[in-house]
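Residue-level structural notes
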Amino acid sequence: MTNFLNALQNRRSIYAIGRNVSLSETEIEELIKDAVKASPSAFNAQSTRAVILFGDAHEKLWDLTEAALEPLTPAEAFEGTKQKLASFKAGFGTVLFFYNQDTVTNLQEQFALYADNFPVWAEQSNGIATANTWTVLAEAGIGASLQHYNPVIDEAVAKEWNIPANWKLRSQLVFGSKEAEAGEKEYLADEERFRVFK
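Since the structure is predicted, the reported quantities are computational estimates derived from the model, not experimental observations.

To continue, consider the pairing of strand 3 (residues 93-100). On a regular strand, one side chain projects to one face of the sheet and the next to the other, so that they alternate. Among the 8 residues of strand 3, 8 are classified as buried, and the element is accordingly described as predominantly covered. Side chains Gly93, Val95, Phe97 and Tyr99 of strand 3 all project onto a buried face; the interleaved residues Thr94, Leu96, Phe98 and Asn100 project onto the opposite face, where all are buried too. Bridging between strand 2 (residues 48-54) and strand 3 involves 7 bridges; their strand directions are antiparallel. The residue bridging Thr48 from the neighbouring strand is Tyr99, located in strand 3. The sheet contact formed by strand 3 and strand 5 (residues 167-178) spans 8 bridges and is antiparallel. For Phe98, the partnering residue across the bridge sits in strand 5 and is Leu169.

Okay, here's the thing in structure tokens:
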């Protein structure tokens, strides 16, 4: 089995995370930047954007998320929501993944024949960059899980970190030291997922 396939299989959703990370913030920042830059995009559009949050900024994100969710969550369910958000806040950092909508619009104007596809391709390249970042962190011994509190937090995030209006938030990759391993993963039967013709 290749090292790359091993890396893909080792990338799991790790929810019990902490701050006992051996790499520095700078080293993690470089890993994230390199993973995003190495990720392909249709027409080499490079539409993915990432905001990396450490320390107080990381904690602030999850405080903002709690504040945004409280009025939307039934009172009897909010304690569970708070506990879940606290588990993310206990991590070392978060990567906010966006895509640049202007990049998509410009390509739609340049290549009208493919106009309907560019938003889809931007989502695909964003997903690739996110998965690659997640895998790189896993290879460095850092646990992570992917969250999707957008669009509920979009406005608060944009205001707090002065995010350009043309950046569309797609996901939040929260990471930290692995405080517990992921459980066993079950896979659908191959015959349900694959077809091979020769």
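This paragraph deals with helix 3 (residues 55-69). End to end, helix 3 covers 22 Å across 15 residues, agreeing with the expected 21 Å (1.5 Å per residue, within 8%). Of all the residues in helix 3, the buried ones are His58, Leu61, Trp62, Leu64, Thr65, Ala68 and Leu69. In a view along the axis of helix 3, the buried residues occupy a sector of 155°, so they form one face of it. Across from the buried face of helix 3, at angles greater than 90 degrees, the exposed residues are Asp56 and Ala67. Its buried side turned inward, helix 3 meets strand 2, helix 4 (75-89), strand 3, strand 4 (142-147), helix 7 (154-161) and strand 5.

The next subject is the UniProt feature "domain: Nitroreductase" (unreviewed entry) in the protein. The sites that UniProt annotates as "domain: Nitroreductase" (unreviewed entry) are residues 9-176. In this annotation, residues 9-176 is assigned 51% helix and 20% strand; the end-to-end C-alpha distance for the span is 19 Å.

Our next topic: a nonpolar patch on the surface. A cluster of nonpolar residues, Phe43, Phe111, Leu113 and Tyr114, forms a patch on the protein surface that exposes about 410 Å² of accessible area. Within the fold, Leu113 resides in the loop between helix 5 (101-110) and helix 6 (117-139). Looking at Leu113, the relative accessible area reads 75%, which means it is exposed.

It is worth spelling out the environment of Phe43 at this point. Structurally, Phe43 can be placed in the loop between helix 2 (25-37) and strand 2. Taking the C-alpha atoms as reference, Phe43 lies 9.3 Å from Trp121; in sequence the two are 78 residues apart. Each residue touching Phe43, except ones within four places of it in the same chain, is listed here: Leu107, Phe111, Tyr114, Phe118 and Trp121.

Right, let's talk about empty space enclosed by the protein for a bit. Applying the stated criterion across every chain, the model contains 2 cavities of 30 Å³ or more. The space that makes up the largest cavity amounts to roughly 60 Å³. Forming the walls of the largest cavity are Ser41, Ala42, Ala45, Ser47, Thr103, Val104, Leu107, Phe118, Trp121, Ala122 and Ser125. Of all elements in the fold, only helix 5 and helix 6 reach the threshold of two or more residues within the lining of the largest cavity. Of all the elements, helix 6 adds the most residues to the lining of the largest cavity, at 4 residues. Among the residues making up the lining of the largest cavity, the classes are represented as 7 nonpolar, 4 polar and no charged. Taken as a whole, the second largest cavity encloses approximately 30 Å³ of empty space. Residue lining of the second largest cavity: Asn10, Arg12, Ile14, Trp134, Ala138, Ile142, Gly143, Ala144 and Lys178, and that is the complete set. Broken down by secondary-structure element, the contributors of at least two residues to the lining of the second largest cavity are helix 6 and strand 4.

About the thresholds
- Residues numbered from 1 in each chain as written.
- Predicted model: local features only at pLDDT ≥ 70, side-chain atom pairs only at ≥ 80, totals over all residues.
- Heavy atoms only, no water.
- Buried < 20%, exposed > 50% of the residue type's maximum accessible area, 1.4 Å probe, protein only.
- Helix = DSSP H or I, 4+ residues; strand = E, 2+ residues; numbered from the N terminus.
- Pairing = 2+ DSSP bridges.
- Expected span 1.5 Å × (residues − 1).
- Arc of directions from axis to C-beta.
- Contact = heavy atoms within 4.5 Å.
- UniProt positions renumbered as here; feature names shortened; annotations may be inferred.
- Patch = residues over 30% accessible without salt bridge, like charges linked within 9 Å, V, L, I, M, F, W, Y side chains within 5 Å.
- Areas by Shrake-Rupley, 256 points an atom, 1.4 Å probe, with all protein chains shown as cover.
- Salt bridge = Lys/Arg side-chain N within 4 Å of Asp/Glu carboxyl O.
- 1 Å grid on protein atoms, 1.4 Å probe; cavity = no way out; pocket = protein on both sides within 12 Å on 5 of 7 lines; lining within 4 Å.
- Points joined across faces, edges and corners; volume = space filled by probe spheres on them.
- Nonpolar A, V, L, I, M, F, W, Y, C, P; charged D, E, K, R; others polar.

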